[in-house]
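Now for the letters of each chain:
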Amino acid sequence: MSKKIYDTFIIGGGASGLCTAVRLKQIDCNISVAVAEQLQRVGKKLITTGNGRCNITNKDISISRFHSENPQFVQSVIEKYDNSHIESFFADLGIVITYDETGRAYPYSLQASSVVDALRLAADDKGVETLLETKVLSIEKKKGIYEISTSNGTFSAKTLVVAAGLYSGGIKLGSDGSIYKMMSSLGYKTVKTTPAIVQLRTIGDIAKSLKGIKVNATVALLIGGKTVRSDFGEVLFCDYGLSGPAVMQISREAERKAGAKTVTLDLMPEYSFSDIVELLKFRASVLKGRKLEDFLSGMLNKRVGQTVLKLIGKKLSDTVDSLNSSDLKKAASVIKGMSFETVGSRGFENSQVTAGGIDTNEFDSGNMMSKRDAGLFAVGEILDVDGDCGGFNLHWAWSSSLCAAEGIAEYLGLELC
Ligand SMILES: Cc1cc2nc3c(=O)[nH]c(=O)nc-3n(C[C@H](O)[C@H](O)[C@H](O)COP(=O)(O)OP(=O)(O)OC[C@H]3O[C@@H](n4cnc5c(N)ncnc54)[C@H](O)[C@@H]3O)c2cc1C
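Residues numbered from 1 in each chain as written. Predicted model: local features only at pLDDT ≥ 70, side-chain atom pairs only at ≥ 80, totals over all residues.

With respect to the packing of helix H4 (residues 83–91) against helix H13 (residues 392–411)
For step 1, the next point in the chain: Contact geometry for H4 and H13: axes closest at 10 Å, N-to-C directions at 80 degrees. By the criterion of interaxial angle, the relationship of H4 to H13 is roughly perpendicular. Contact with H4, carried on its side by Asn83, His85, Ile86 and Phe89, involves His395, Trp398 and Leu402 of H13 and no other residues of that element.
For step 2, the next point in the chain: Taken together, the residues that form the contact of H4 with H13 break down as four nonpolar, three polar and no charged. (Axes fitted to C-alpha atoms, helices over the stretch in contact; angles between N-to-C directions. Helix = DSSP H or I, 4+ residues; strand = E, 2+ residues; numbered from the N terminus. Parallel < 35°, antiparallel > 145°, perpendicular 65-115°, else oblique. Contact = placed C-beta atoms within 7 Å. Nonpolar A, V, L, I, M, F, W, Y, C, P; charged D, E, K, R; others polar.)

Some remarks on the pairing of strand E6 (residues 104–107)
Consecutive side chains along a regular strand alternate between the two faces of the sheet.
For step 1, the next point in the chain: Neither face of E6 is open: one carries Arg104 and Tyr106, the other Ala105 and Pro107, and all of them are buried.
For step 2, the next point in the chain: Two elements, strand E3 (residues 57–58) and E6, share two bridges in a ladder whose sense is antiparallel. For threonine 57, the partnering residue across the bridge sits in E6 and is alanine 105.
For step 3, the next point in the chain: The antiparallel pairing of strand E5 (residues 97–99) with E6 creates a hairpin that spans four residues between the two strands, and glycine 103 there sits at a positive phi of about 100 degrees. (Buried ≥ 20, exposed ≤ 12 C-beta atoms within 10 Å, placed from the backbone. Pairing = 2+ DSSP bridges.)

Here we look at the packing of helix H1 (residues 15–27) against H13
For step 1, the next point in the chain: Direction vectors running N to C along H1 and H13 enclose 35 degrees, while the axes themselves pass 8 Å from each other. The crossing of H1 and H13 is right-handed. On H13, the residues touching Ala15, Ser16, Cys19, Thr20, Arg23, Leu24 and Ile27 of H1 are Leu394, Ala397, Trp398, Ser400, Ser401, Leu402, Ala404, Ala405, Ile408 and Ala409.
For step 2, the next point in the chain: Class assignment for the residues of the contact of H1 with H13 results in 12 nonpolar, four polar and one charged. (Left-handed = near helix turned anticlockwise from the far one by under 90°.)

Structural notes on helix H8 (residues 245–256)
For step 1, the next point in the chain: For H8, the buried fraction is high: nine of the 12 residues fall into the buried class.
For step 2, the next point in the chain: Taken together, the buried positions of H8 are occupied by Ala246, Val247, Met248, Gln249, Ile250, Ser251, Arg252, Ala254 and Glu255.

As for the sheet that holds strand E14 (residues 226–237)
For step 1, the next point in the chain: If you walk around this closed barrel you meet the six strands as E12-E15-E14-E13-E16-E17, and the pairing is antiparallel. Averaged over neighbouring strand pairs, the angle between their axes works out to 45 degrees when direction is ignored.
For step 2, the next point in the chain: The pairing of strand E13 (residues 214–223) with strand E16 (residues 261–266) spans six bridges and is antiparallel. Residue pairing in the sheet places leucine 222 in a bridge with threonine 262 of E16.
For step 3, the next point in the chain: Its contacts with the sheet place H8 against strand E12 (200–202), E13, E14, strand E15 (241–243), E16 and strand E17 (338–345), and it is angled at close to 145 degrees to E14.

Digging into unusual backbone geometry
For step 1, the next point in the chain: At cysteine 54, a residue that is not glycine, the phi angle is positive and equals roughly 65 degrees.
For step 2, the next point in the chain: Structurally, the position occupied by cysteine 54 is in the loop between helix H2 (49–52) and E3.
For step 3, the next point in the chain: When the 26 C-beta atoms within 10 Å are taken as the criterion, cysteine 54 is described as buried.
For step 4, the next point in the chain: In this model, glutamate 133 sits at a positive phi of 45 degrees, which is unusual for a non-glycine residue.
For step 5, the next point in the chain: Mapped onto the elements, glutamate 133 comes out in the loop between strand E7 (129–131) and strand E8 (136–142).

Re the sheet that holds E5
For step 1, the next point in the chain: Across the sheet, three strands lie side by side as E3-E6-E5; this open sheet has antiparallel pairing. What marks the edges here is a single partner per strand, and that holds for E3 and E5.

Comments concerning the site of the ligand
For step 1, the next point in the chain: By nearness alone, 40 residues border the ligand, and Gly12, Gly14, Gly165, Gly174 and Gly380 come closest of all.
For step 2, the next point in the chain: Secondary structure elements with two or more residues in the shell around the ligand: H1, H2, helix H6 (178–185) and H13.
For step 3, the next point in the chain: Of the residues assigned to the shell around the ligand, the class counts are 14 nonpolar, 20 polar and six charged. (Near = placed C-beta within 6 Å.)

A look at the domain arrangement of the chain
For step 1, the next point in the chain: The domain architecture assigned to the chain consists of domain 1 (5–195 + 351–411), domain 2 (197–269 + 342–347) and domain 3 (273–338).
For step 2, the next point in the chain: Of the residues lining the interface, nine residues belong to domain 1; the matching set on domain 2 comes to 10 residues.
For step 3, the next point in the chain: Its residues assigned to classes, the side of domain 1 that touches domain 2 shows four nonpolar, four polar and one charged. (Domains from an automatic or database assignment.)

Dropping the structure here:
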């Protein structure tokens, strides 16, 4: 009996691999599709997304929220597949999408598991062959057919989809970079990989001493004294440094740009420096005689306020009467820019996405097909595309997969439906 040749073989049963498989089966229910997943189940990373709620896409799908050496490539894909396309793809799988006030989209169930189930069940219903605990080891093309060697035997296919992700989330989520290394050894150009959407390590004891406290602040990343990125939102002080959405948002540049880096927190962004000086003068006049340990409470988190005063060299056991106008100006400066020297991030394992990846110049943005290997497609995070925090990385996974599925259908001569 001759060996089965799949129409499409997909490496990776994550967000993009599952989406590609389901969309292919929607286009043509007779197409034979296999998904090889090295872990015991599919969608293991997807289930952890959005703190278990899955921030599935965003209302504001614009190029400014995505990063790549080749932005035109990304632009061309997201222009064709915006959030309304993602909504309608998931509506067909039974997922109702809701948007929060900032534009982030979630399944109405607020359960990432429901998104994994919707994809997994649709794949099963439509007859996608899911090969679990099947690690792809190498690929070879012989007479126009891909021979895929795995830990579970060898498979053949007319088209191949590389949907294996990169390093983020670590090995437990399947992010070992094995296929990225394989593609690089096959001669595919790559763009340097670094962790993004990740916590930052800082020097000194300030963050550690405030461990567990959350504040809302404008976070700025400064290199050589210049602000290279800033974001407003929640900041969490940790024993290793700084976390929280606003810090994660600026982490990409902290990891990728050279030079000594400082992160500053504007603890009262709605107030100017002089507003704060006036406010402190007023407080000093009405809170006379009070211990300094209580001077800033009611204005800042009490322990954060105490840290501000310690940073300007005051003793908390002294009274408010000890503050002179220079102290008030110094305190206002710290409130407008509490400063931390950063020394990298908490690494790929703790990051949500990998910046860099396979150079997109190797692919056609019209169908995600390789320019050097006809029939080979790549989707999702393995490519040099990453997005901001807010649903943009999953949006890239879905949109590149829909584009590839339609490209594969055309390549195989199927009718789009
Ligand atoms: C904790 C966390 C939270 C996140 N939250 C969000 C969020 O809310 N919104 C958002 O937009 N993005 C979020 N992301 C990012 C998002 O999850 C990824 O961008 C997205 O999952 C990438 O999809 P992918 O299919 O390309 O890769 P993955 O989801 O990583 O899937 C790749 C799959 O390929 C498999 N694989 C790898 N190598 C092989 C091999 N050799 N053989 C067989 N299988 C292989 C892996 O096991 C894995 O299952 C989050 C990420 C993390 C880590």
